[in-house]
Amino acid sequence: THTKTHTEFAGAGQITMKLAIAETSVGILVGKAGCVIKELMQISGANIKVSQKGEVVPGTTNRFVSITGNPVAANYAQMLVLQKVPDATSV
């Protein structure tokens with residue numbers, strides 16, 4: 001039987017998912033010197049970026065979290081982010 005591996009999905013189109021997290025949660029997600037966010041990117045294979053201070057969801061103090069990768073990696077990364085920051089919301 002043939003089992004699917006992550007590499008077979010590498011050719012799939014890149015997607016970007018956006019979440020909003022509270023300013024106070026940024027430190028939890030990023031970690032000291034970026035150690036947490038780097039680990040989440042390594043585990044998932046997706047790119048995770050948090051918007052700069054002041055770059056916020058209109059009308060809030062919430063920051064954007066952009067997750068980019070193939071659909072499998074991006075969905076996995078989103079799940080990992082939500083484990084760290086359960087109050088994150090889709091935007």
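Counting restarts for each chain, with residues numbered from 1 along the sequence as it is written. Given that this is a predicted model, residues contribute local features only at a pLDDT of at least 70 and side-chain atom pairs are listed and counted only at 80 or more, while totals for whole chains, interfaces and linings are drawn from all residues. For the side-chain quantities, the full set of heavy atoms in the structure was used; hydrogens and water were omitted.

Q: I tried to follow the nonpolar core on my own but got confused; where do I start?
A: Generally speaking, soluble globular proteins have nonpolar side chains that are buried together. Residues Ile21, Leu29, Leu40, Ile48, Val65, Ile67 and Val81 are the most contacted members of the largest nonpolar core, which totals 20 residues. Secondary structure elements follow DSSP: runs of H or I of four or more residues count as helices, runs of E of two or more count as strands, with numbering from the N terminus. Counting only elements with at least two residues in this core, the list comes to strand S1 (15-21), helix H1 (26-30), helix H2 (35-44), strand S2 (47-50), strand S3 (63-69) and helix H3 (71-84). Ranked by the residues each element gives to this core, the list is headed by H3, at 5 residues. Any pair of residues with heavy atoms lying within 4.5 Å of one another is described as a contacting pair. Dropping the residues within four chain positions of it, Leu29 is found in contact with Ile21, Val36, Ile37, Leu40, Val50, Val65, Val81, Lys84 and Val85. Note on terminology: a nonpolar core comprises buried Ala, Val, Leu, Ile, Met, Phe, Trp, Tyr and Cys residues joined through side-chain atoms within 4.5 Å. For each residue, the accessible area found with a 1.4 Å probe, counting protein chains only, is set against the maximum for its type, and the residue is called buried under 20%, exposed over 50%, and partly exposed in between.

Q: Sorry if this is basic, but what is going on with a nonpolar patch on the surface here?
A: A contiguous nonpolar patch, built from Ile43, Tyr76 and Met79 and spanning about 260 Å² of accessible area, is present on the exposed surface. Locating Met79 in the fold gives a position in helix H3. Residues form patches when they are more than 30% accessible in relative terms and have no salt bridge. Like charges link within 9 Å. Nonpolar side chains (Val, Leu, Ile, Met, Phe, Trp, Tyr) link within 5 Å. All accessible-area figures derive from a Shrake-Rupley calculation using a 1.4 Å probe, and residue coverage is judged against the displayed protein chains alone. Definition used for salt bridges: Asp or Glu carboxyl oxygen within 4 Å of a side-chain nitrogen of Lys or Arg.

Q: Could you clarify how one ought to interpret the side chain of Ser66 in this entry?
A: Position of Ser66 relative to the elements: it lies in strand S3. Among all residues touching Ser66, those that are not within four sequence positions of it are Thr16, Met17, Lys18, Asn47, Ile48 and Lys49.

Q: Help me understand the pairing of S2 in this model?
A: Residues in a regular strand point their side chains to alternate faces of the sheet. By the alternation rule, side chains of S2 split into Ile48 and Val50, which are all buried, and Asn47 and Lys49, of which none is buried. Only when DSSP finds a minimum of two bridges between them are two strands counted as paired. By the bridge criterion, 4 bridges tie S2 to S3 in an arrangement that is antiparallel. Residue pairing in the sheet places Val50 in a bridge with Val65 of S3.

Q: What should I look at first to understand the environment of Leu80 in this one?
A: By the element assignment, Leu80 lies in helix H3. On the basis of relative accessibility, which here comes to 9%, the residue Leu80 falls in the buried class. In the structure, Leu80 is positioned 51 residues away from Leu29 in sequence and 9.8 Å away in space, judged by C-alpha atoms.

Q: Can you walk me through the side chain of Ser44 in this structure?
A: Here Ser44 lies in helix H2. Polar contacts, as counted here, are pairs of nitrogen or oxygen atoms within 3.5 Å of one another; within protein the pair requires one atom able to donate a hydrogen and one able to accept it, and residues that are adjacent in sequence qualify only if both atoms are side-chain atoms. Within polar-contact distance, the side chain of Ser44 engages the backbone nitrogen of Ala46 at 3.1 Å. Once residues within four sequence positions are removed from consideration, Ser44 is found in contact with Ala73, Tyr76, Ala77 and Leu80.

Q: What should I look at first to understand the pattern of salt bridges in this one?
A: Scanning the model with the defined rule gives 2 salt bridges in all. Its salt-bridge partner being Lys53, residue Glu23 comes within 3.0 Å of it at the nearest N-O pair. Taken as a pair, Glu23 in the loop between S1 and H1 and Lys53 in the loop between S2 and S3 lie far apart in primary sequence, 30 residues in all. For the salt bridge of Glu23 with Arg63, the shortest nitrogen-to-oxygen distance reads 2.6 Å. Here Arg63 lies in strand S3 and Glu23 lies in the loop between S1 and H1, a separation of 40 residues in the sequence. Here the residues in one salt-bridge network are Glu23, Lys53 and Arg63, joined through shared partners.

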